[in-house]
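Now for the letters of each chain:
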Amino acid sequence: MPLSHAILGFLEYKPMSGYDLKKFFDQSVTHFWSATQSHIYKALENLENEGLVESEVIQGEGKPNRKQYQITVKGRGELRQWVSTPLPLDITREAWLIQVFFAHNLANEELVSLFEKRIEAIEEYLLKFQTAQANIDGNYKELGVKRLRDLWQLTLDYGTSHYENEIAWLKNTLPKIRKLPKLEMPK
């Protein structure tokens, strides 16, 4: 499960609570993988049951106690095994392409509008990548390991390239949509 392995990866950096893990997800990999707090806690419970992480309760001074997790030797082995094993190809599921596939009853102008709104949404999403870049730089300053920063940067570069390519495809396709045959109503 990628979530469990992502948690192991973060815990390899340093021990963390579930709350800390959620912050790390949101600051580092959210541009390609998201996780809810409840999913993180459930995965931590499973990882602990499997002996891949262990926890200790940290007494809070003036704050509630918190459970801090750290990766075990068995967890490090599992993480290493997982990151070195090629994963099967994830086939993309794009709901908006289902819309396009069945959009024969829409006028060309309506299709153009769908594409233009998609471009706007992607451009807005790409703005969040600036925050991801700042987080990569900040996490690098905290951990100080250039190899980590370079690998993190590769994932951000992939996301940026993916969405920039989609925008290019959308823009290149717009003239074709404008030239589609006129909408004909079935008889």
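Cut-offs used in this document
- Residues numbered from 1 in each chain as written.
- Predicted model: local features only at pLDDT ≥ 70, side-chain atom pairs only at ≥ 80, totals over all residues.
- Heavy atoms only, no water.
- Helix = DSSP H or I, 4+ residues; strand = E, 2+ residues; numbered from the N terminus.
- Rg over C-alpha atoms; globule rule 2.2 N^0.38 Å.
- Buried < 20%, exposed > 50% of the residue type's maximum accessible area, 1.4 Å probe, protein only.
- Contact = heavy atoms within 4.5 Å.
- Pairing = 2+ DSSP bridges.
- Axes fitted to C-alpha atoms, helices over the stretch in contact; angles between N-to-C directions.
- Polar contact = N/O pair within 3.5 Å; in protein donor to acceptor, adjacent residues only side chain to side chain.
- Salt bridge = Lys/Arg side-chain N within 4 Å of Asp/Glu carboxyl O.
- Core = buried A, V, L, I, M, F, W, Y, C linked by side-chain atoms within 4.5 Å.

Colleague: Residues and numbers for the overall build of the protein chain, please.
Modeller: If you tally the helices and strands in the protein chain, you get 7 helices and 3 strands. Helices and strands in the protein chain line up, N terminus first, as α-β-α-α-β-β-α-α-α-α. Over its C-alpha atoms the protein chain spans a radius of gyration of 22 Å, topping by over 25% the 16 Å that the globule rule assigns to 187 residues. Expressed as lengths along the three principal axes of its C-alpha atoms, the size of the protein chain is roughly 70 × 40 × 35 Å. Relative to its full complement of 187 residues, the protein chain shows a buried share of 30%. For the protein chain, the proportion of contacts with a sequence separation of at least 24, taken over those separated by at least 6, is 59%.

Colleague: Describe the sheet that holds strand β2 (residues 53-58), listing the residues and the values that go with them.
Modeller: Read across the sheet, 3 strands follow the order β1-β3-β2 without closing on themselves; strand pairing throughout is antiparallel. The sheet is open, and its two borders are formed by β1 (16-17) and β2, each paired with just one other strand. Pairing of β2 with strand β3 (residues 66-71), which is carried by 6 bridges, proceeds in the antiparallel orientation. Looking across to β3, one finds that Ser55 is bridged to Tyr69. In the packing of helix α1 (residues 2-13) onto the sheet, the strands contacted are β1, β2 and β3, and the crossing angle to β3 comes to about 90°.

Colleague: Got a sec to walk through the pairing of β3? Specific residues and values, please.
Modeller: Within a regular strand, side chains alternate between the sheet's two faces. Relative to β3, β1 is paired through 2 bridges, and the arrangement is antiparallel. From the neighbouring strand, Met16 faces β3, where its bridge partner is Tyr69.

Colleague: Provide a residue-level description of the side chain of Lys22, including the pertinent values.
Modeller: Its location among the elements puts Lys22 in helix α2 (residues 18-29). Polar side-chain contacts of Lys22 include one of 2.7 Å to the backbone oxygen of Ala35. The residues contacting Lys22, other than those within four sequence positions of it, are Ala35, Thr36, Gln37 and Ile40.

Colleague: Got a sec to walk through the pattern of salt bridges? Specific residues and values, please.
Modeller: Evaluation of the coordinates by the stated rule reveals 12 salt bridges. With a closest N to O distance of 3.8 Å, Lys67 and Glu48 form a salt bridge. Of this pair, Lys67 sits in strand β3 while Glu48 sits in helix α3 (residues 37-49); the two residues are 19 residues apart in sequence, bridging distant segments of the chain. On the basis of relative accessibility, which here comes to 38%, the residue Lys67 falls in the partly exposed class. Residue Glu48 is classed as partly exposed on the basis of its relative accessible area, which comes to 26%. Glu116 serves as the salt-bridge partner of Arg178, at 3.4 Å between the closest nitrogen and oxygen. With Arg178 in helix α7 (residues 146-178) and Glu116 in helix α6 (residues 108-143), this residue pair connects regions lying 62 residues apart in the sequence. Since its relative accessible area comes to 47%, Arg178 is described here as partly exposed. Among the residues examined, Glu116 registers a relative accessible area of 34% and is labelled partly exposed.

Colleague: Let's hear about the nonpolar core: which residues, and what values?
Modeller: Grouped together as the largest cluster of nonpolar side chains are 20 residues, with contacts concentrated most on Ile7, Leu11, Leu21, Phe25 and Ile40. Looking at this core, the elements with two or more residues in it are α1, α2, α3 and β3. Tallying contributions element by element places α1 first for this core, with 5 residues. Setting aside anything within four residues of it in sequence, one finds Leu11 in contact with Met16, Leu21, Leu44, Val53, Tyr69, Gln70 and Ile71.

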